[in-house]
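One-letter residues, chain by chain:
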Amino acid sequence: MLTLKMCKPEGLLYFLRVSSEPFQGAFAEYNGNRITVWKSMIEVDDELFKAVSGQICKIDERGIVVACQSSKLLILEIEYEGKRMNPNLLFKSVRSRLD
């Protein structure tokens with residue numbers, strides 16, 4: 001499995017492929033609990049940012065935008081504690097970080 005920590009810009013497309021079924025999903029950790037990423041896409045915008053990989057940059061109705069070195073990943077669907085959901089239901093602060 002691929003983790004968000006391993007997510008370099010050139011690896012984003014691979015991350016997107018393994019984060020959907022029939023594969024086991026990409027994963028990250030939040031507060032010591034595993035989160036499986038089921039749906040995601042590259043976030044394309046002109047915003048300049050400086051953040052550590054895994055830092056949540058934005059939370060909106062679509063999901064959460066996470067920094068991945070010089071790129072951003074929009075995470076649309078996760079599984080947390082056995083429940084699939086939009087990540088904006090779990091994450092409420094851009095101060096949060098995925099490991």
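Let us look at the side chain of Glu43. Take Glu43: it is sitting in the loop between β2 (33-42) and β3 (56-59). Judged by its relative accessible area of 12%, Glu43 falls in the buried class. What Glu43 contacts, discounting residues up to four positions off in sequence, is Arg62, Val65, Lys72, Leu73 and Leu74.

Right, let's get into the side chain of Gln55. Considering the arrangement of structural elements, one finds Gln55 in the loop between β2 and β3. For Gln55, the side chain forms a polar contact with the main-chain oxygen of Val94, separated by 2.6 Å. Within the structure, the side chain of Gln55 is placed 3.2 Å from the backbone oxygen of Ser96, a separation counted as a polar contact. Excluding anything up to four places from it in sequence, Gln55 contacts Val65, Val66, Ala67, Val94, Arg95, Ser96 and Arg97.

So, about the confidence of the model for the protein chain. Do not read the fine detail of predicted coordinates wherever pLDDT is low. For the protein chain, mean pLDDT is 80; residues scoring 70 or higher make up 79% of the total. Taken element by element, the protein chain is modelled with least confidence in helix α1 (residues 12-18), mean pLDDT 63, and with most confidence in strand β6 (residues 83-85), mean pLDDT 95.

Here we come to the state of the cysteines. Every disulfide links exactly two cysteines, by a covalent bond between their sulfur atoms. In total, this model carries zero disulfides according to the counting rule given. Take Cys57: it sits in no disulfide, and the sulfur closest to it among the cysteines is that of Cys68, at 9.0 Å. On the basis of relative accessible area, Cys57 is assigned to the partly exposed category, the value being 27%.

Next up on the list: the pairing of strand β5 (residues 71-80). Taking burial as the measure, the ten residues of β5 include eight buried ones, the bulk of the element. Direction of pairing for β2 relative to β5: antiparallel, over a ladder of seven bridges. Bridged to Met41 within β5 is Leu74. The pairing of strand β4 (residues 64-68) with β5 spans five bridges and is classified as antiparallel. Considered in β5, the bridge of Val66 is made with Leu73. In this structure, the hairpin formed by β4 and β5 is closed by a connection of two residues, where Gln69 is found at a positive phi of approximately 55°. As paired strands, β5 and β6 are joined by three bridges and run antiparallel to one another. When the sheet's bridge partners are listed, Ile78 is paired in β6 with Met85. Between β5 and β6, which pair antiparallel in sequence order, lie two residues; one of them, Glu81, sits at a positive phi of approximately 50°.

Reading the values: the criteria
- Residues numbered from 1 in each chain as written.
- Predicted model: local features only at pLDDT ≥ 70, side-chain atom pairs only at ≥ 80, totals over all residues.
- Heavy atoms only, no water.
- Helix = DSSP H or I, 4+ residues; strand = E, 2+ residues; numbered from the N terminus.
- Buried < 20%, exposed > 50% of the residue type's maximum accessible area, 1.4 Å probe, protein only.
- Contact = heavy atoms within 4.5 Å.
- Polar contact = N/O pair within 3.5 Å; in protein donor to acceptor, adjacent residues only side chain to side chain.
- pLDDT = per-residue confidence, 0-100.
- Disulfide = S-S within 2.5 Å.
- Pairing = 2+ DSSP bridges.

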